[in-house]
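# Summary of structural features
Given next are the chains, with one letter for each unit.
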Amino acid sequence: MSIDKSQDIYNQIQSAYRAKFLKLQKQLEREFSKIADEFDGKIQRLVFQYSKPDGTFDKKYMADINREIDAIADWFTKTNATWIDKNIVQSVEFAIDSQDMATKAFIRAAAEEYQGKGREILTKAATNPAAPFLLRTQFGTGLARHIRKAVWKRRWTDGWTLSDRIWETDRVLRKNLHDMIEQCVNEGLSAVEFSRAVEQYLLKPGPAWTTKIKPSVSGRGSVKYNALRLARTETNIAYRLAHALGAKNSTIVKGTKWNLSRSHPEKDICDQWATQDLYELGSGVYPPDKLPPGHPNCLCYLTDILFQGEELVRALEEKYQTNIPAG
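This write-up is about the structure you can find in this document. (Residues numbered from 1 in each chain as written. Predicted model: local features only at pLDDT ≥ 70, side-chain atom pairs only at ≥ 80, totals over all residues. Heavy atoms only, no water.)

## Section: the sheet that holds strand β1 (residues 253-259)
Strand order in the open sheet made by the 3 strands is β2-β1-β3, with antiparallel pairing throughout. Of all the strands in the sheet, just β2 (285-286) and β3 (301-306) have a single pairing partner and so form its edges. Sheet analysis places β1 next to β2, joined by 2 bridges and oriented antiparallel. Bridge assignment links lysine 257 to a residue of β2, and that residue is valine 285. Its contacts with the sheet put helix α8 (residues 223-248) on β1 and β3, and the angle it makes with β3 is roughly 15 degrees. (Pairing = 2+ DSSP bridges. Helix = DSSP H or I, 4+ residues; strand = E, 2+ residues; numbered from the N terminus. Contact = heavy atoms within 4.5 Å. Axes fitted to C-alpha atoms, helices over the stretch in contact; angles between N-to-C directions.)

Here it is, written out as structure tokens:
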């Protein structure tokens, strides 16, 4: 059997699915832009609704303005959570399909080329649509929901879950908007000035503002900038968790390699994870159940190193609990 050909087929399919996942992240950005624009529009309409003819605000309406700001922020936070959840599930589905489709193709290639003892088990595996080593066979249709729950419950070293981060963003968002409107009222600034400041705070694609109306230091970075960063991180985690689960429960995976993202920003613990050889499997390669945990904002991805030849046959025999006669 050609080691390179079967492994290459597997890699090509997984690369194709990862490309789909990266397209999903681009789609994610477009979808969130619409949510952020709608949020900005709601705030803008509210501001001009309460401004006086000269464009300034009356202090007596402060409580009403803040109450409506809270209602809009509540809409935004819940919409944001639903949007992230949807993308987490889609990311997991891509990873599951990637594992199963690549595995099927790999086994077919192995069955076609392997001529040694045990070819029967390869043929059986290649023609079984519900092979016991496929994720959909092992875990059924509920697997994506299971991983989704794991993503939401996962705690980083700082003790925070995804839900914690979303609600902390909500808290900071409300505080900043309240502070900004209070500054406008106290300093006699106009609705137009507030409108410009809010637009920059919500939509500016970087971490700084230039207007004289400043949100508090807490939560530095525009709302859109931070929300997209969080969503990209969590969907990548979902994809990687699904991949890791697939590798751990796969019959054909010998080890899993930790790869740095092309957008890896600066040297950190990931550089060590991607180069160390703790298990004599190669640089950055781990047993599927010994993978590094990742870290917040981590965009690294995984690839698999597969069993070949007689090792693959033995692994399949054990999975099928089948003894192939000698000769």
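## Examining the environment of leucine 203
Tracing the chain through its elements places leucine 203 in helix α7 (residues 191-203). On the basis of relative accessible area, leucine 203 is assigned to the buried category, the value being 16%. In this structure the C-alpha to C-alpha distance between leucine 203 and threonine 235, which are 32 residues apart in sequence, comes to 21 Å. Filtering out sequence-adjacent residues up to four positions away, leucine 203 remains in contact with Ala36, Asp37, Asp40, Ser222 and Lys224. (Buried < 20%, exposed > 50% of the residue type's maximum accessible area, 1.4 Å probe, protein only.)

## Let's talk about the packing of aromatic side chains
Applying the stated rule across the entire model yields 10 aromatic pairs. Between tyrosine 10 and phenylalanine 106, the aromatic rings sit 6.3 Å apart at their centres with planes inclined by 80 degrees, giving edge-to-face as the arrangement. Pair noted here: tyrosine 10 is in helix α1 (residues 3-50) and phenylalanine 106 is in helix α2 (residues 62-113), with a separation of 96 residues, a long-range link. The burial state of tyrosine 10 is the same as that of phenylalanine 106; both residues are buried. Three or more aromatic residues joined by ring pairs form one cluster here, namely Phe32, Phe39, Phe76 and Trp83. It is lysine 20 that lies over the ring of tyrosine 17; its NZ or CZ is 4.6 Å from the centre. (Phe/Tyr/Trp six-rings, centres within 6.5 Å; stacked < 30°, edge-to-face > 60°. Lys NZ or Arg CZ within 6 Å of the ring centre and 35° of its normal.)

## A few points about the nonpolar core
By size, the foremost hydrophobic cluster in this structure holds 57 residues, and its most contacted members are Ile43, Phe57, Leu173, Leu177 and Phe194. Counting only elements with at least two residues in this core, the list comes to α1, α2, α5 (143-153), α6 (162-187), α7 and α8. Top contributing element to this core by residue count: α2, with 13 residues. Setting aside anything within four residues of it in sequence, one finds isoleucine 43 in contact with Ile69, Ile72, Leu177, Phe194 and Val198. Membership of the second largest hydrophobic core comes to 21 residues, among which are Ala110, Ile121, Val253 and Leu312. (Core = buried A, V, L, I, M, F, W, Y, C linked by side-chain atoms within 4.5 Å.)

## Some thoughts on the pattern of salt bridges
With the rule as written, the count across this model stands at 17 salt bridges. For the salt bridge of arginine 67 with aspartate 64, the shortest nitrogen-to-oxygen distance reads 2.5 Å. Of this pair, arginine 67 and aspartate 64 are both found in helix α2, 3 residues apart, which corresponds to roughly one turn of the helix. Residue arginine 67 is classed as exposed on the basis of its relative accessible area of 52%. Note on aspartate 64: relative accessible area 23%, which makes it partly exposed. Aspartate 70 is the partner of arginine 174 in a salt bridge, and the nearest nitrogen-oxygen pair spans 3.6 Å. Of the two residues, arginine 174 sits in helix α6 while aspartate 70 sits in helix α2, which places them 104 residues apart along the sequence. Among the ionic contacts, a cluster of salt bridges with common partners joins Asp70, Asp74, Lys78, Asp170 and Arg174. (Salt bridge = Lys/Arg side-chain N within 4 Å of Asp/Glu carboxyl O.)

None of the figures reported here should be taken as evidence of function without further support.
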